[in-house]
Amino acid sequence: MTVNLEVADGVGTLRLDRPPMNALDIATQDRLRELAAEVTRRDDVRAVVLWGGEKVFAAGADIKEMREMDHAAMVARARDLQDAFTAIARIPKPVVAAVTGYALGGGCELALCADVRFAAEDAKLGQPEILLGLIPGAGGTQRLARLVGPSRAKDLIFTGRQVRADEALAMGLVDRVVPAAEVHDQAHAWAARLAKGPAIALRAAKESVDFGLEADIDSGLALERTWFAGLFATEDRESGMRSFVEDGPGKARFR
């Protein structure tokens, strides 16, 4: 398999496994979509880590495979490509990308699908598609601009340049920079902590932020209040409030 799922402590790790550079060919894209559906469905997976291994996250698409595709073939495939990445972005659970080595092109676009990104100190990220006479096609023009702003996104997309972890942190492309040997462990710890949280409330928070950003403010507020009121029907809300009153904040155990 080009992507494997490992589950421990409520955390599902989606491990890219296509050496040497985890090139994201069609089979890998389809596998990502398949596993996104699986981790969404499974109750024992409450948070997700995207991980490419100790050396590289994903260096991009499989250029040799893409070179053999003509216009008609890519017209037929482009939607499936985007849908695979969107399936990762729409996992209704916290998702963290653990980025080591290179996250370029499709690799950067995959990291953008996570809720947060932990990067190794020596990691490099970028959207080099312009150097091939192309533009990002798996969501990069949209998710990158929403994350770092249109001007920074255009700089990266227009030039195709790679940014080191410190610059990526400064522009908001990654959220935490740690020693390379600690990337996976820190990402897993972040996910494991949230795996113990209130699953429905976390889903509500994620969907309210993500879908709210795609709507006008009034529609976003309507979504927020619908979720907010709906959570009053959950056992987690009752146990969380009871624990707060009886024991103080941060001690609730959620089902």
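Residues numbered from 1 in each chain as written. Predicted model: local features only at pLDDT ≥ 70, side-chain atom pairs only at ≥ 80, totals over all residues. Heavy atoms only, no water.

**Notes on helix α11 (residues 235-247)**
Alright, step 1. For α11, built from 13 residues, the straight-helix expectation of 18 Å at 1.5 Å per residue is met to within 8% by its first-to-last C-alpha distance of 17 Å.
Alright, step 2. Inspection of α11 places Asp 236, Ser 239, Gly 240 and Ser 243 among the buried residues, and these make up the whole buried set. Buried positions in α11, seen along its axis, are confined to an arc of 100 degrees and lie on one side of it. Exposed residues on α11 whose side chains face more than 90 degrees from its buried face are Val 245 and Glu 246.
Alright, step 3. Contact partners of the buried residues in α11: α9 (199-213).
Alright, step 4. Looking one or two residues beyond α11, the residue adopting positive phi is Gly 248, at roughly 95 degrees. (Helix = DSSP H or I, 4+ residues; strand = E, 2+ residues; numbered from the N terminus. Expected span 1.5 Å × (residues − 1). Buried < 20%, exposed > 50% of the residue type's maximum accessible area, 1.4 Å probe, protein only. Arc of directions from axis to C-beta. Contact = heavy atoms within 4.5 Å.)

**Focus on the packing of α9 against helix α10 (residues 217-230)**
Alright, step 1. The interhelical angle for the contact between α9 and α10, taken along N-to-C directions, is 175 degrees, at an axis separation of 9 Å. The angle between the axes of α9 and α10 places the two elements in the roughly antiparallel class. Along its contact with α9, which presents Ile 200, Arg 203, Ala 204, Glu 207, Ser 208, Phe 211 and Gly 212, the element α10 presents Gly 220, Leu 223, Glu 224 and Trp 227.
Alright, step 2. The residue inventory of the contact of α9 with α10, partitioned by class, reads 5 nonpolar, 3 polar and 3 charged. (Axes fitted to C-alpha atoms, helices over the stretch in contact; angles between N-to-C directions. Parallel < 35°, antiparallel > 145°, perpendicular 65-115°, else oblique. Nonpolar A, V, L, I, M, F, W, Y, C, P; charged D, E, K, R; others polar.)

**Considering the pattern of salt bridges**
Note that side chains of opposite charge can pair when their charged atoms are close.
Alright, step 1. According to the stated counting rule, one finds 18 salt bridges in the structure shown.
Alright, step 2. Of the charged contacts in the structure, one is a salt bridge between Asp 25 and Arg 18, with a shortest N-O distance of 3.3 Å.
Alright, step 3. A relative accessible area of 8% means that Asp 25 is categorised as buried.
Alright, step 4. Here Arg 42 makes a salt bridge to Glu 38, at a shortest N to O gap of 3.0 Å.
Alright, step 5. Several salt bridges converge on common partners, so that one network encompasses Asp 30, Arg 33, Arg 77 and Asp 80. (Salt bridge = Lys/Arg side-chain N within 4 Å of Asp/Glu carboxyl O.)

**Observations concerning the side chain of Glu 129**
Alright, step 1. On the secondary structure map, Glu 129 appears in the loop between β7 (124-126) and α5 (140-148).
Alright, step 2. For the buried Glu 129, which has no salt bridge, the nearest side chain bearing the opposite charge is Arg 143, at an N-O separation of 11 Å. (Lys, Arg positive; Asp, Glu negative; His and termini not counted.)

**With respect to the sheet that holds strand β5 (residues 102-104)**
Alright, step 1. Read across the open sheet, the 3 strands follow the order β5-β7-β8; overall the sheet is mixed. Looking at which strands have only one partner, the edges of the open sheet turn out to be β5 and β8 (162-164). With strand direction ignored, the average angle separating the axes of adjacent strands in the sheet is 20 degrees. (Pairing = 2+ DSSP bridges.)

**What about the sheet that holds strand β2 (residues 11-16)?**
Within a sheet, each strand pairs with its neighbour through backbone hydrogen bonds, oriented either parallel or antiparallel.
Alright, step 1. The 6 strands are arranged β1-β2-β3-β4-β6-β9 in an open sheet whose pairing can be described as mixed. Since the sheet does not close on itself, it has two edges, and those belong to β1 (3-8) and β9 (176-178), each with one partner. The mean inter-strand angle of the sheet, taken between neighbouring strand axes irrespective of direction, is 20 degrees.
Alright, step 2. Strand direction decides the pairing type here: strand β4 (residues 95-99) and strand β6 (residues 116-120), joined by 4 bridges, are parallel. By the bridge assignment for β6, Val 99 is matched with Ala 119.
Alright, step 3. The sheet contacts of helix α1 (residues 26-41) involve β1, β2 and β3 (47-51), and relative to β1 the element is tilted by about 25 degrees.

**Let's talk about the packing of aromatic side chains**
Alright, step 1. For the coordinates displayed, the defined rule picks out 2 aromatic pairs.
Alright, step 2. The interplanar angle of 70 degrees and the centroid separation of 6.4 Å between the aromatic rings of Phe 118 and Trp 190 together place this pair among those described as edge-to-face. On the criterion of sequence distance, the pair formed by Phe 118 in strand β6 and Trp 190 in helix α8 (residues 183-195) is long-range, its members being 72 residues apart.
Alright, step 3. Aromatic pair Phe 228 and Phe 232: ring centres 5.5 Å apart, planes at 75 degrees, arrangement edge-to-face. (Phe/Tyr/Trp six-rings, centres within 6.5 Å; stacked < 30°, edge-to-face > 60°.)

**Considerations on the nonpolar core**
Alright, step 1. Counting 61 residues, the largest nonpolar core has Leu 50, Phe 57, Ile 88 and Leu 173 as the members making the most contacts within it.
Alright, step 2. Among the elements that take part in this core, α8 stands out by supplying 7 residues, more than any other. (Core = buried A, V, L, I, M, F, W, Y, C linked by side-chain atoms within 4.5 Å.)

**Notes on the state of the cysteines**
Alright, step 1. Applying the stated rule across the entire model yields 0 disulfides.
Alright, step 2. Cys 113 provides the cysteine sulfur closest to Cys 108, a residue in no disulfide bond, and the two sulfurs are 10.0 Å apart.
Alright, step 3. Residue Cys 113 is classed as buried on the basis of its relative accessible area of 3%. (Disulfide = S-S within 2.5 Å.)

**Topic: the environment of Lys 206**
Alright, step 1. Looking at where Lys 206 falls in the secondary structure, it is placed in helix α9.
Alright, step 2. Counting along the chain gives 125 residues from Lys 206 to Leu 81, while the straight-line C-alpha distance between them is 23 Å.
Alright, step 3. Here Lys 206 is in contact with Ala 89, Ile 91, Pro 92, Lys 93, Val 95 and Asp 115, once residues within four sequence places are set aside.
Alright, step 4. A distance of 2.9 Å separates a polar atom in the side chain of Lys 206 from the backbone oxygen of Lys 93. (Polar contact = N/O pair within 3.5 Å; in protein donor to acceptor, adjacent residues only side chain to side chain.)

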